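This is what each chain is made of:
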Amino acid sequence: MTSLTPRDKDTIKAFMAKASVYAEEIGKDALCRMIAVYPQTKTYFSHWKDVSPTSGHVKKHGITIMNAVADAVSKLDDLKGGLLSLSELHAFTLRVDPANFKILSHNILVVMAILFPEEFTPEVHVSMDKFLAAVALSLAEKYR
Amino acid sequence: MVVWTESELSIINSIFSSLDYEDIGPKALCRCLIVYPWTQRYFGGFGNLYNAAAIKSNPNIAAHGIKILHGLDRAVKNMDSIKETYAELSTLHSEKLHVDPDNFTLLGNCLTIEIAAKLGDGFTAETQGTFQKFMAVVVNALGKQYH
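Residues numbered from 1 in each chain as written. Chains lettered and ligands numbered in written order. Predicted model: local features only at pLDDT ≥ 70, side-chain atom pairs only at ≥ 80, totals over all residues. Heavy atoms only, no water.

**Points about the interface of chain B and chain A**
Across the boundary between the two partners, chain B contributes 19 residues, which contact 18 residues of chain A. Counting each side, the surface lost to burial between chain B and chain A is near 1600 Å², with a carbon and sulfur contribution of 62%. On the chain B side of the contact with chain A, B:Arg31, B:Ile113 and B:Gln128 bury the most area, a combined 31% of that side's loss. Across the chain B-chain A interface, the total number found is one salt bridge. With a closest N to O distance of 2.9 Å, B:Lys56 and A:Glu123 form a salt bridge. Across the chain B-chain A interface, the total number found is nine residue pairs in polar contact (both at pLDDT 80 or more). Here the element with the most residues in the side of chain B that touches chain A is helix 7 (residues 102-119) of chain B; it accounts for five residues. Considering only residue class, the side of chain B that touches chain A consists of nine nonpolar, seven polar and three charged. (Contact = heavy atoms within 4.5 Å. Buried area = accessible area lost by both parts, 1.4 Å probe. Salt bridge = Lys/Arg side-chain N within 4 Å of Asp/Glu carboxyl O. Polar contact = N/O pair within 3.5 Å; in protein donor to acceptor, adjacent residues only side chain to side chain. Helix = DSSP H or I, 4+ residues; strand = E, 2+ residues; numbered from the N terminus. Nonpolar A, V, L, I, M, F, W, Y, C, P; charged D, E, K, R; others polar.)

Following this line, the structure appears as structure tokens:
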């Protein structure tokens, strides 16, 4: 798995400085889109009465997730270490199939393209894609 | 057999009629070559792909991006027979171009991003779902003749 180059890290920090102001909005929209476009992901939320894309539960959870992603920027130099407890949560309690991290990442990128049509250049896109992939990899660290 | 609702047909037609193929095509292909650099393997004869700036100013890449969008247009005009419409293209990509079909999805992702950036809030979850369904059908059809 490729690691983040110094240029990637600069790009990620610069873009996320702009984007994290909208973390809640990004999180809400990305999770809603994921549930709408990939209905199989609803299976992880069967404990909520309302799993429609517009449900309050979904919005709130999107915010939780995106805040954690924004926070991961501060742990760029050691994502594995920084995300250890989150990894344990996902491995032992939530047991989300890691394939779904890719799906959510895609939807986060789509929302970023919508919110930042000019700034989300291919160069920013590749660094952000690598960042989300690195976060996903760290989250899957404790799975087995 | 793919079934399209009236709403889905309308969404796909609306998306494509709002696109300038000469703009979106090159952008989507450039994005693909930059975000997924291994896809450059199929463009060895296209000239300078050394860095993002070179890719973006490469006229062969731009022309090819436009070609791809016109290729997608054929699917839009034949929604009920995409598999048949693409049979020859599928054989071309398999036998002559030797493109790994996984790459079709990567280009599809980049096109999704470019369309999202263009349509903004108009790219609702429903629109995204329909567009991704369309792209999945296209990708499947392009992979059909591989053996």
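So that's the structure; there's more coming.
**Some words on the nonpolar core**
Of all hydrophobic cores here, the largest spans 77 residues; its most connected members are A:Met112, A:Met128, A:Phe131, B:Phe16, B:Phe131 and B:Phe134. When residues no more than four places from it in sequence are discounted, the contact partners of A:Met112 are A:Phe15, A:Met16, A:Ala19, A:Ile26, A:Met66, A:Phe120 and A:Met128. With nine residues, the next largest nonpolar core counts B:Leu33, B:Phe43, B:Leu49 and B:Ile61 among its residues. (Core = buried A, V, L, I, M, F, W, Y, C linked by side-chain atoms within 4.5 Å. Buried < 20%, exposed > 50% of the residue type's maximum accessible area, 1.4 Å probe, protein only.)

**Topic: the UniProt feature "domain: Globin" (unreviewed entry) in chain A**
Here, UniProt's "domain: Globin" (unreviewed entry) annotation points to residues 3-144 of chain A. Span residues 3-144 of chain A is 68% helix and 0% strand, its end C-alpha atoms 21 Å apart. (UniProt positions renumbered as here; feature names shortened; annotations may be inferred.)

**Examining helix 6 (residues 99-115) of chain A**
Compared with the 24 Å implied by 1.5 Å per residue over 17 residues, the 25 Å span of helix 6 of chain A between its first and last C-alpha is a close match. For helix 6 of chain A, the tally of buried residues reaches 14 of 17 residues, placing the bulk of the element in the interior. (Expected span 1.5 Å × (residues − 1).)

**Details of the pattern of salt bridges**
Residue and element names in this part refer to chain A. This structure, assessed with the given rule, holds nine salt bridges over all chains. When the shortest N-O distance is used, the salt bridge between Lys130 and Asp8 registers 2.5 Å. Placement of the pair is Lys130 in helix 7 (residues 122-139) and Asp8 in helix 1 (residues 6-19), with a sequence separation of 122 residues. When its relative accessible area of 22% is taken as the criterion, Lys130 is described as partly exposed.

**Re the layout of surface pockets**
The computed volume of the largest pocket comes to approximately 1100 Å³. Around the largest pocket, the lining comprises 37 residues; the ones closest to its centre are A:Lys102, A:Asp129, B:Tyr36, B:Leu106 and B:Asn109. Residue assignment for the lining of the largest pocket shows that the elements contributing at least two residues are helix 6 and helix 7 of chain A together with helix 7 and helix 8 (125-143) of chain B. Taken together, the residues of the lining of the largest pocket break down into 22 nonpolar, ten polar and five charged. Roughly 720 Å³ of volume is contained in the second largest pocket. Taken together, 30 residues line the second largest pocket, and the ones lying closest to its centre are B:His64, B:Ile68, B:His93, B:Phe104 and B:Leu107. (1 Å grid on protein atoms, 1.4 Å probe; cavity = no way out; pocket = protein on both sides within 12 Å on 5 of 7 lines; lining within 4 Å. Points joined across faces, edges and corners; volume = space filled by probe spheres on them.)

**Here's the deal with the state of the cysteines**
All names here are of chain B. Across all of its chains, the model carries zero disulfides over all chains by this definition. This cysteine, Cys32, is not joined by any disulfide, and Cys110 carries the nearest cysteine sulfur, 4.6 Å off. Classification of Cys32 as buried rests on a relative accessible area of 4%. A relative accessible area of 0% means that Cys110 is categorised as buried. (Disulfide = S-S within 2.5 Å.)

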